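In case you want the letters, here they are:
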Protein chains: 4
Amino acid sequence: MRAGLMGFGKAGKAVASVLMQHPDFSLKWVLRRSEVLEHRHVGEFLGIATEDEAFIRSVGHVDIETFLDEHPVDCIIDFSPAESIHMYGAAAAKRGITIISAISHYGDAEKELLHTLAKDTVVFWSPNITLGVNYLMFAGKFLKKIAPWADIQLVEEHFKTKQGISGTAIKIAESLDLESTEINSVRAGGIVGKHELIFGFPYQTVRLVHESISREAFGNGVIFAAQNLTGMGPGLYNFEDILLPYFTPNPN
Amino acid sequence: MRAGLMGFGKAGKAVASVLMQHPDFSLKWVLRRSEVLEHRHVGEFLGIATEDEAFIRSVGHVDIETFLDEHPVDCIIDFSPAESIHMYGAAAAKRGITIISAISHYGDAEKELLHTLAKDTVVFWSPNITLGVNYLMFAGKFLKKIAPWADIQLVEEHFKTKQGISGTAIKIAESLDLESTEINSVRAGGIVGKHELIFGFPYQTVRLVHESISREAFGNGVIFAAQNLTGMGPGLYNFEDILLPYFTPNPN
Amino acid sequence: MRAGLMGFGKAGKAVASVLMQHPDFSLKWVLRRSEVLEHRHVGEFLGIATEDEAFIRSVGHVDIETFLDEHPVDCIIDFSPAESIHMYGAAAAKRGITIISAISHYGDAEKELLHTLAKDTVVFWSPNITLGVNYLMFAGKFLKKIAPWADIQLVEEHFKTKQGISGTAIKIAESLDLESTEINSVRAGGIVGKHELIFGFPYQTVRLVHESISREAFGNGVIFAAQNLTGMGPGLYNFEDILLPYFTPNPN
Amino acid sequence: MRAGLMGFGKAGKAVASVLMQHPDFSLKWVLRRSEVLEHRHVGEFLGIATEDEAFIRSVGHVDIETFLDEHPVDCIIDFSPAESIHMYGAAAAKRGITIISAISHYGDAEKELLHTLAKDTVVFWSPNITLGVNYLMFAGKFLKKIAPWADIQLVEEHFKTKQGISGTAIKIAESLDLESTEINSVRAGGIVGKHELIFGFPYQTVRLVHESISREAFGNGVIFAAQNLTGMGPGLYNFEDILLPYFTPNPN
């Protein structure tokens, strides 16, 4: 699968690194706003041996229609600022390119655009594209359905300087109807990211725990999404849509 | 729901205690092999205020057919030795009484009998009747299906004197095709019981953890089973059968 | 060692149970305010086989001076209301009886009395008499001394109905100069009690975790205190005083 | 403090990165066996802004006596192969340069040399130079001394491909006299490194847990060692020697 990447910040670099090392994926190019690193090779920059084209180009120096024709891809992975969907969305949809977006927050205009694009191509949007976190939410919702009387509490741990409740924790809390008093935020040292859902029963406790080791986890989520979107028709999908088929009777 | 209890060991006592305190259940009687405590009242013995009949009778002193006619129940909960199903099974099935068995190991003769009884009544058998442990197995199997490449390891912790790998750990390992080298048994002090399933991904970790606080957890599992078997037709069911309906699309 | 016990609430019962089963201790009597259970035998009431005298008497029915002469003990263990120290303190100190108090909160009058009594006998006071919790505070203080730059956070977990921050968490926080925003309180189901001290470093994390399994842990703390106070001269001691001698060079 | 670094493998790079960013340390040079990267600048290579000299030189191209005279340092930090102590040891000791070695295994000849060098300068050797792991061993030994009756179990977790029991786990086990059956090794995904010491009591559990986030933890250990060795006279020291002074009475 030929992939193009929008954005080359910390998360973007980690995703590029995973894509280049995966046998089923080929990173064709990276488009970014900054002109730094333009014309460098992602593999050479990150110190990763790869046969992927993987060149870096600045958005300001390309015409997106021409660019997509000259450097065709099967999917565009978006870790760039929210507004860049306006730049490439229509051009991608017109060509039937799958859009996989990991943007945390979209405004109303962007959300509306996603719906429009989804009429022509596969559009996937997940504010947290980590497989484990999405599994956690999914499995947690089922446990709540099974045992609505259980007390649910969320503990999230991150590095000292992280401000506010983590976006992932807010998303987990929303999916389980937790109140903000039921979220506990621990801030200490260099903890990468840990989310622990505690289900309290009178005589037992169930804990669902997700720990991030590094940002490359986003890359694996992207690959999981891309592979599970294969063969789907145009439409707007989220992570729950691609997990649901696994939750069918007779998991054996 | 009127319940009769077979067996009054440590687990049986804990289950009786939970049943007597649940508004939807009424403990009619306990049948046990020993003659100790015969004609005592379960509530009085355990120091629990209840209006349930809850008398204790020795198996050797009753004729089971007459007994079930004189003291009718909707379900029989079995925490007694494996062979006692031969004593009460046919009489219960004939009267359409639901059988809920938490026996750890049945021989071939008993398993065959369960199948026969299941033609006439609802028969439920779960070697570990704790809700949390069964959820763990279920959620674990789905995660394995979603991510078959993940490394799975099991750590179980119990009190120092517990011999061998825990039966629950063996059952979890079987349901996930783990090898015995992938089970780690920690034995220390008075740990009641903890099972931790670790799913290792390259850049993240998911942990499913169950901790037992006390044996009363069996009681809650019995109640969950009894409530979820209501309305079902004759047949042999296990815990997965009653969890599956919750794992359907649109869990919202 | 002959012990008398003040108080027979939940904690008192658990402590009595541990004392009766310990080879080095003999429970002579329990004094309590209530007249319920008067003249019953603790072992018979709790269902524990013991040769200890272990009778129960109501405070209102005894003259403490006469009582202590007729039923002499080496130590009095106090799990009763705070004010009862006024009732037995002077009589105990006069006879050189060691006082081991686990009262959570003493008023100024009681604290002053403790200092007075400590001129004549060994007086030990620890609001939380669990060995593990006191070790946690102690080891935590040393880690803070070694690494004052580490971020410290406390997570405490208890059963759903527990109100406010746990007294133990407050004590741990005080001993480490934590602010209340650095304490996270999780309330869920029937969790007995867990305290987790998290030390965050830039590239590593150290966690000190204490989990209570049951109230009998108080009993073991009482035994540890009593054994480590043996041979000490009159004075007012706390748990740190009896842990310190273990923290000396060359622990091998 | 001016530091020279022997070795530039994964751990060496991480240590260099921490040293260059610490205000009290200045990385003068790196000596390594390989000729790759010779004459490159460590900061430029690792992408870290620094004013440190931090040049890289191949051992085969320098005369160590001349090199140390021309590029004087206060301490040499050794993350290179075990035998390199023969190359620089005498020259460093002669000049009173502190030697801080993190070599996992030294042979008898190297150990003997360390003792000889320690007559002239400060020699520090710690096979695991992480502050947290050393604290864990230290605090664990004290808890064992306080409660010799507690059951101790060790669980260590590392990435799937790690062979055998971790060296750190073996060292912890030795310091606590654990048998190999009391060490549980979990291997899953990309877990960086976790060591959990479990102390089981009848009614409570204490856990001491260390988690590594990244190799830079070695760097912080080096800095802690270097700072705590300041002012010490010639001699052979280990991590326990520099932790002990903190474990003195009145930790307040």
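Residues numbered from 1 in each chain as written. Chains lettered and ligands numbered in written order. Predicted model: local features only at pLDDT ≥ 70, side-chain atom pairs only at ≥ 80, totals over all residues.

Regarding the interface of chain C and chain A
(1) Moving on: With 18 residues of chain C in contact, the opposing surface of chain A contributes 18 residues.
(2) Moving on: If you list the elements that add at least two residues to the side of chain C that touches chain A, you get β7 (151-158), β8 (183-187) and β9 (194-200) of chain C. (Contact = placed C-beta atoms within 7 Å. Helix = DSSP H or I, 4+ residues; strand = E, 2+ residues; numbered from the N terminus.)

Some thoughts on the relation of the copies chain C and chain A
(1) Moving on: Rotating chain C by 180 degrees about the axis while translating it 0.0 Å along that axis superimposes it on chain A, leaving an RMSD of 0.0 Å. This pairing of chains is accounted for by a two-fold axis. Distance from the rotation axis, computed per C-alpha, reaches its smallest value in chain C at C:N184: 3.0 Å.
(2) Moving on: Here 100% of the contact residues of chain C are again contact residues in chain A; the copies associate through an equivalent surface. (Least-squares fit on C-alpha atoms with pLDDT ≥ 70 in both.)

Quick look at the packing of helix α1 (residues 10-20) of chain B against helix α8 (residues 216-229) of chain B
All names here are of chain B.
(1) Moving on: Closest axis-to-axis distance for the α1/α8 pair is 7 Å, and the angle between their directions is 55 degrees. The orientation of α1 relative to α8 falls into the category oblique. For the crossing formed where α1 meets α8, the hand is right-handed. Between α1 and α8, the contacting residues are A11, A14, V15, S17, V18 and L19 on the first element and E216, F218, G219, N220, V222 and I223 on the second.
(2) Moving on: The residue makeup of the contact of α1 with α8, split by class, is eight nonpolar, three polar and one charged. (Axes fitted to C-alpha atoms, helices over the stretch in contact; angles between N-to-C directions. Parallel < 35°, antiparallel > 145°, perpendicular 65-115°, else oblique. Left-handed = near helix turned anticlockwise from the far one by under 90°. Nonpolar A, V, L, I, M, F, W, Y, C, P; charged D, E, K, R; others polar.)

As for the packing of helix α6 (residues 131-146) of chain C against helix α7 (residues 167-175) of chain C
All names here are of chain C.
(1) Moving on: Viewed as axis vectors pointing N to C, α6 and α7 meet at an angle of 20 degrees, and their least axial separation amounts to 10 Å. What the angle tells us is that α6 and α7 run roughly parallel. As for the relative orientation of α6 and α7, their crossing is right-handed in sense. Here V133, L136, M137 and K141 of α6 come into contact with α7, specifically with T168, I172 and S175.
(2) Moving on: The residue makeup of the contact of α6 with α7, split by class, is four nonpolar, two polar and one charged.

Some words on the sheet that holds strand β10 (residues 204-212) of chain A
Sheets are built from strands that pair by backbone hydrogen bonding, the pairs being arranged parallel or antiparallel.
(1) Moving on: Taken in spatial order, the eight strands of this open sheet run β8(A)-β7(A)-β9(A)-β10(A)-β10(B)-β9(B)-β7(B)-β8(B), and their pairing is mixed. In this open sheet, the two edge strands, each paired with only one partner strand, are β8 (183-187) of chain A together with β8 (183-187) of chain B. Each adjacent strand pair in this sheet contributes to an overall mean axis angle of 15 degrees, direction not counted.
(2) Moving on: As judged from the seven bridges shared by strand β7 (residues 151-158) of chain B and strand β9 (residues 194-200) of chain B, these two strands associate in the antiparallel manner. Its bridge partner lying in β9(B), B:L154 is registered against B:L197. (Pairing = 2+ DSSP bridges.)

A short note on the sheet that holds strand β2 (residues 26-32) of chain A
Residues and elements named next belong to chain A.
(1) Moving on: With respect to topology, seven strands assemble into an open sheet ordered β3-β2-β1-β4-β5-β6-β11, the strand pairing being parallel. Strand pairing shows two members of the sheet lacking a second neighbour, β3 (55-58) and β11 (235-237), which therefore form its edges. Here the average twist between neighbouring strands, direction ignored, is 20 degrees.
(2) Moving on: Examined bridge by bridge, strand β6 (residues 122-125) and β11 share three bridges and lie parallel to one another. Each bridged residue has a counterpart across the sheet, and for F124 the counterpart in β11 is Y237.
(3) Moving on: Here helix α4 (residues 84-94) sits on the sheet in contact with β1 (2-6), β4 (75-78) and β5 (98-101), set at roughly 170 degrees to β4.
(4) Moving on: Against the sheet, helix α5 (residues 108-117) engages β5, β6 and β11, with an angle of about 145 degrees to β6.

Looking at helix α8 (residues 216-229) of chain C
All names here are of chain C.
(1) Moving on: With 14 residues, α8 extends 20 Å between its outermost C-alpha atoms, agreeing within 8% with the 20 Å of an ideal straight helix rising 1.5 Å per residue.
(2) Moving on: Counting buried positions over the 14 residues of α8 gives ten, a clear majority of the element.
(3) Moving on: Immediately beyond the C-terminal end of α8, within one or two residues, lies G231, with a positive phi of roughly 90 degrees. (Expected span 1.5 Å × (residues − 1). Buried ≥ 20, exposed ≤ 12 C-beta atoms within 10 Å, placed from the backbone.)

Structural notes on the relation of the copies chain B and chain A
(1) Moving on: With an RMSD of 0.0 Å, the operation that places chain B on chain A is a rotation of 180 degrees combined with a shift of 0.0 Å along the axis.
(2) Moving on: Comparing contact sets, 100% of the residues at the interface of chain B also lie at the interface in chain A, consistent with an isologous, same-surface contact.

Concerning the interface of chain B and chain A
(1) Moving on: Listed as interface residues are 35 residues of chain B and, on the opposing side, 35 residues of chain A.
(2) Moving on: With ten residues, the single largest contributor to the side of chain B that touches chain A is helix α6 (residues 131-146) of chain B.
(3) Moving on: Its residues placed into classes, the side of chain B that touches chain A shows 22 nonpolar, eight polar and five charged.
(4) Moving on: Two strands pair when backbone bridges link them, and β10(A) and strand β10 (residues 204-212) of chain B are joined in this way by nine bridges, in the antiparallel orientation. Looking across to β10(B), one finds that A:L208 is bridged to B:L208.

Structural notes on the environment of B:S166
All names here are of chain B.
(1) Moving on: Note that S166 resides in the loop between β7 and α7 (167-175).
(2) Moving on: Taking the C-beta count within 10 Å as the criterion, S166 has 21 such neighbours and is therefore assigned buried.
(3) Moving on: In this structure, the C-alpha to C-alpha distance between S166 and E179, residues 13 residues apart in sequence, is 14 Å.

Quick word on unusual backbone geometry
(1) Moving on: Its identity is not glycine, yet B:L37 carries a phi of approximately 75 degrees, on the positive side.
(2) Moving on: Within the secondary structure, B:L37 sits in the loop between β2 (26-32) and α2 (42-46).
(3) Moving on: Despite not being glycine, D:A54 shows a phi value in the positive range, around 50 degrees.
(4) Moving on: For D:A54, the position within the fold is in the loop between α2 (42-46) and β3 (55-58).
(5) Moving on: D:A54 gets classed as buried once you count the C-beta atoms within 10 Å, which come to 24.

Here's the deal with the domain arrangement of chain A
Residue and element names in this part refer to chain A.
(1) Moving on: Split by domain assignment, chain A resolves into domain 1 (2-129 + 216-246) and domain 2 (131-211).
(2) Moving on: Of note, the centres of domain 1 and domain 2, computed from C-alpha atoms alone, are 28 Å apart.
(3) Moving on: Listed as interface residues are ten residues of domain 1 and, on the opposing side, eight residues of domain 2.
(4) Moving on: Residue composition of the side of domain 1 that touches domain 2, by class: four nonpolar, five polar and one charged. (Domains from an automatic or database assignment.)

What about the environment of B:V42?
All names here are of chain B.
(1) Moving on: Mapped onto the elements of the fold, V42 is located in helix α2.
(2) Moving on: With 25 C-beta atoms counted inside 10 Å, the residue V42 sits in the buried group.
(3) Moving on: Sequence separation of V42 and F8 is 34 residues, and the distance between their C-alpha atoms is 9.7 Å.
(4) Moving on: For V42, the residues in contact, after removing those within four places along its chain, are A16, M20, L27, V30, A54 and I56.

As for α4(A)
Residues and elements named next belong to chain A.
(1) Moving on: Among all positions in α4, only S84, I85, Y88, G89, A92 and A93 are buried. The arc that holds the buried residues of α4, viewed along the axis, is 130 degrees, so those residues lie on one side.
(2) Moving on: Its buried side turned inward, α4 meets β1, α3 (64-70), β4, β5 and α5.
(3) Moving on: Downstream of α4 by a residue or two, G96 has a phi angle that is positive, lying close to 70 degrees. (Arc of directions from axis to C-beta.)

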